[in-house]
Structures are given as C-alpha cells and as structure tokens.
Amino acid sequence: MKSEEATLARMMRAAQTGDKRAYAVLLSESSAWLARYYRRRVPAPQIDDLVQEVLMAVHAKRASYDPARPFLPWLAAIARYRWVDHLRKVYRADETELFDDSAVQDSEEDVVIARVSLERMFGALSDNQATAIELVKIEGHSVRDAAHKSGQSESAIKVNIHRGLKKLSALIEKAE
Amino acid sequence: MSRVNQTLIDSMVDDMQPVAPLRANYGWALVAAAAAIGALGVWLTAGLWRGGYRGDAEAIFYAANGMLLVLGAAASASAVVMASPGVGTRHDGPRWGMAMLAVLPLAAVVSALAKGSTGAILNDPYGLECMAHALVASSATAIALTLWLRRGAPVNPRNAGMLAGVAAGALGSAAYGLSCPIDTLEHLAIWHTLPVLIGGVVGRYAIARVLSW
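Residues numbered from 1 in each chain as written. Chains lettered and ligands numbered in written order. Predicted model: local features only at pLDDT ≥ 70, side-chain atom pairs only at ≥ 80, totals over all residues. Heavy atoms only, no water.

> Would you mind showing me how to read the overall build of chain A here?
Across its full length, chain A holds 10 helices and 0 strands. What you see in chain A, going N to C, is helices and strands ordered as α-α-α-α-α-α-α-α-α-α. Here chain A holds 176 residues, and the buried ones make up 52% of them. Partitioning the intrachain contacts of chain A with sequence separation of at least 6 by distance along the chain shows that 74% fall at a separation of at least 24. Roughly 8,000 Å² of accessible area belongs to chain A as shown, and the carbon and sulfur atoms make up 51% of that amount. (Helix = DSSP H or I, 4+ residues; strand = E, 2+ residues; numbered from the N terminus. Buried < 20%, exposed > 50% of the residue type's maximum accessible area, 1.4 Å probe, protein only. Contact = heavy atoms within 4.5 Å. Areas by Shrake-Rupley, 256 points an atom, 1.4 Å probe, with all protein chains shown as cover.)

Okay, here's the thing in structure tokens:
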C-alpha cells in the first residue's frame with residue numbers, strides 16, 4: 001500500500017500540473033480503489049453511481065489536494081463525505097443485496113484501508129444508531145419494518161437515523 | 001471498471017486543466033495578510049492606544065489580547081487545513097483555545113458577583129462600541145477564510161464555518177484591542193470576547209451554508 005500511496009500521490013501531483021496521461025491512470029486506479037472501498041457498506045447496484053459521484057468530486061476539487069500530504073486519506077475523506085450525503089438521499093427498498101466478497105477484501109486490506117474504512121465510522125455510532133441506518137438507509141427497509149426487526153419504536157428509528165447521520169458527518173476525518 | 005465510469009473518466013481527462021494546489025502555507029499567508037488589513041484599518045480609523053504599547057496597561061490587557069491572538073492563530077490554522085480534507089486530520093486545538101478564552105468571562109462574572117458589582121459588566125458605556133469595531137475589523141479575515149474554504153473541499157462545513165468565524169472574531173478583536181484603552185477585566189472579558197462568540201455562531205450557521213459542495 002505504501003507504494004500504491006506513493007504512486008497515486010505522484011500521479012495526482014502530475015495531474016495538477018496538467019499531465020493528462022497521469023490523470024487518466026489516476027482516475028482509473030481511484031475508481032477501482034473506491035469500488036473496493038464501498039463494497040462492504042453499499043448495495044452493489046449503487047456502487048457505480050457513488051464511485052462516479054466521487055470521481056466528479058475529485059475532478060471538481062482536485063486543487064484541494066495538498067501535494068505535501070498523502071493522497072489516499074484525501075480520497076477517502078471525499079469518499080466518506082459523498083457516502084454520508086448518499087445515505088441522506090437514498091431510500092430504496094429494491095436494492096438490498098450487499099456484495100460481500102470478503103476473501104478479496106481481506107487479501108487487499110492493510111493498515112491504511114483499515115484506518116480510513118467506512119466500518120471505522122460505523123463503529124463510532126451507538127448500536128441502535130448503526131442498526132437504524134443499516135436497516136433503513138443501506139438495506140432499504142421501511143421505518144416500520146426496521147422498527148419491527150430491531151425492536152426499536154418507529155420514532156426511535158427516525159431519531160437514531162437523524163442523530164447517526166449527524167454523527168457520521170462529524171466523523172468524516174476521524175481515523176481512530 | 002464499468003463502461004460508464006470509463007466514459008466519465010475520458011470526459012474528465014479531456015476537460016482537465018492545470019490547477020494551482022491549495023497549499024496550507026498560502027492559506028496561512030492569506031489569513032495573516034487579511035488580519036494585517038484589519039489591524040491597519042483599526043490603526044487608520046481609531047489610532048493605537050499608546051498606553052498599550054508603552055507597557056502602561058494592566059496585565060489583563062496583555063493577557064486577554066494575547067489569548068485572542070493565540071486563539072485566532074489556532075482557529076485560522078485549522079480552518080486553512082480543512083480546505084484540504086484527509087482522514088486522520090485532527091482539528092481539536094481550537095476547541096481547547098476556545099475553552100481557554102471562556103475562562104475570561106467566567107472569571108469576570110465570578111469576580112463581579114463576589115464584589116456585588118455586576119453593574120460594571122452590564123452598564124459598560126463603551127462595550128457595544130468596542131464589540132462593533134472588533135466585528136468590523138474581523139471582516140477581512142472572515143472573507144479571506146470563506147473564499148479559501150470555498151476553493152477547497154471541507155468535509156465538515158459546519159465545523160469549518162465555525163472555525164472561520166471564531167478565527168475572524170478573535171483576530172478582529174485582538175486588532176481592535178490595540179486601540180481600546182479600557183483595560184479592566186470586566187470590559188475585556190465580556191465585550192472583547194463576544195465577537196468570538198458571534199463569529200462562531202455566524203460561521204456555524206451562515207458561512208457553513210456557502211461551504212457545502
């Protein structure tokens with residue numbers, strides 16, 4: 001991962017100076033990295049949309065990358081920001097399958113990925129908040145179904161989603 | 001990779017132009033220049049209090065203005081860095097600075113209550129004027145930080161806005177402190193710290209609105 005980080009950072013610095021070839025490779029590599037990054041927490045049919053949103057954000061905000069700092073934590077912060085934004089918007093009941101290829105994930109996991117992963121953010125939520133967001137915003141259940149499955153009241157589900165998303169927004173740059 | 005992603009990447013590569021990266025050093029220099037403009041404005045419009053730089057003022061005068069300056073520097077440094085996000089970046093320093101500054105009004109209120117002289121706080125004839133001047137002096141820093149953050153990608157716009165407001169309020173108040181000859185604890189602790197509170201609230205609710213992306 002150290003070499004991947006160094007390579008991506010070098011390509012990003014080149015892209016900022018106008019190197020189109022480096023930029024094309026960087027975006028392709030980032031696209032693949034983002035797809036892996038989202039796999040555990042985003043239903044498969046939504047991953048492409050989310051990756052595209054992040055790529056567009058990277059393009060629009062590429063000046064915000066400070067060449068003196070590492071690249072992947074910058075990309076991960078944008079990925080988290082777009083993901084929390086996505087959770088606020090998405091309320092779909094028909095796309096519930098998570099593509100969980102943990103063999104592939106585990107083989108590529110390393111310290112950097114672990115530190116910047118979405119799981120870390122979920123770990124900072126209370127159990128009830130994490131359950132409410134997982135059931136309603138990720139798996140696409142209705143509030144009533146989520147209340148039934150989790151044993152929480154419907155009001156509690158709504159409150160936990162609201163508070164949980166607010167907390168996630170504040171955790172975007174947190175690594176611990 | 002999906003065909004849509006590849007098409008998107010191709011179009012972005014076609015569209016790509018060189019950009020000047022947001023280096024934190026540039027941001028800090030920008031804030032320093034804006035704060036200097038605020039201080040220059042105070043000097044030109046209200047003049048400097050000679051007692052302050054001759055060493056005639058009470059110790060609390062230097063302590064309060066020094067605390068405002070340190071808080072302004074800490075909040076500015078964090079706000080500048082927030083334009084370039086990164087997982088693992090911490091922005092806890094200014095919170096400790098804010099807690100440190102909050103000791104001043106608390107001390108003033110406790111002291112006034114103990115002496116039975118709360119009127120000295122509430123009936124300060126120059127308080128509102130000082131606060132208004134400090135807010136005007138903070139405007140250049142507030143504008144500079146807002147523009148800087150809008151160019152960047154703050155992933156916590158509320159916090160970034162609040163820190164920009166706190167930084168502007170603290171630096172503006174420290175700048176106006178060069179001109180204000182009132183060096184009592186009650187005056188400095190209340191009327192020279194209120195711009196920080198106001199800046200933070202305005203930043204949290206107003207500046208944050210223009211920082212979302």
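> What am I meant to see in the UniProt feature "domain: RNA polymerase sigma-70 region" (unreviewed entry) in chain A here?
Within the UniProt annotation, "domain: RNA polymerase sigma-70 region" (unreviewed entry) is assigned to residues 32-89 of chain A. Spanning residues 32-89 of chain A, this segment combines 72% helix with 0% strand, and its end C-alpha atoms are found 24 Å apart. (UniProt positions renumbered as here; feature names shortened; annotations may be inferred.)

> I'm lost on the interface of chain A and chain B in this one. Help?
Tallying the contact residues gives 43 residues for chain A and 41 residues for chain B. Buried area between chain A and chain B, summed over both chains or domains, comes out near 3,500 Å², and the portion from carbon and sulfur atoms is 60%. Of all residues in chain A, the largest losses of buried area upon contact with chain B belong to K61, Y81 and E173 of chain A, amounting jointly to 20% of the total for that side. In this structure, the connection of chain A to chain B is made through 0 salt bridges. Mapped onto the side of chain A that touches chain B, the elements with two or more residues apiece are α1 (2-16), α2 (20-38), α3 (44-60), α4 (72-89), α6 (111-116) and α10 (154-170) of chain A. Among the elements that make up the side of chain A that touches chain B, the one with the highest residue count is α4 of chain A (8 residues). Per-class residue counts for the side of chain A that touches chain B are 21 nonpolar, 9 polar and 13 charged. (Buried area = accessible area lost by both parts, 1.4 Å probe. Salt bridge = Lys/Arg side-chain N within 4 Å of Asp/Glu carboxyl O. Nonpolar A, V, L, I, M, F, W, Y, C, P; charged D, E, K, R; others polar.)

> Whenever I open this one, the packing of helix α8 (residues 127-138) of chain A against helix α9 (residues 143-150) of chain A confuses me. Can you help?
Relative orientation and spacing of two packed helices are given, respectively, by the angle between their axes and the distance between those axes. All names here are of chain A. At a minimum axis distance of 9 Å, the contact between α8 and α9 shows a crossing angle of 135 degrees. Of the possible angle classes, the one that applies to α8 and α9 is oblique. In the packing of α8 onto α9, the handedness of the crossing is right-handed. Contact residues: T131, L135 and V136 in α8; V143, A146, K149 and S150 in α9. Broken down by class, the residue content of the contact of α8 with α9 amounts to 4 nonpolar, 2 polar and 1 charged. (Axes fitted to C-alpha atoms, helices over the stretch in contact; angles between N-to-C directions. Parallel < 35°, antiparallel > 145°, perpendicular 65-115°, else oblique. Left-handed = near helix turned anticlockwise from the far one by under 90°.)

> Teacher, can you tell me more about the layout of surface pockets here?
It is the rolling of a water-molecule-sized probe over the atoms that shows where space remains empty. One number sums up the size of the largest pocket: a volume of about 550 Å³. In this structure, the largest pocket is lined by 24 residues; those nearest its centre are R88 and S169 of chain A together with N156, P157 and R158 of chain B. Of all the elements in the fold, those that place two or more residues in the lining of the largest pocket are α4 and α10 of chain A together with α8 (157-177) and α10 (194-211) of chain B. Element by element, the count of residues in the lining of the largest pocket is highest for α10 of chain A, at 6 residues. Split by residue class, the lining of the largest pocket holds 12 nonpolar, 5 polar and 7 charged. (1 Å grid on protein atoms, 1.4 Å probe; cavity = no way out; pocket = protein on both sides within 12 Å on 5 of 7 lines; lining within 4 Å. Points joined across faces, edges and corners; volume = space filled by probe spheres on them.)

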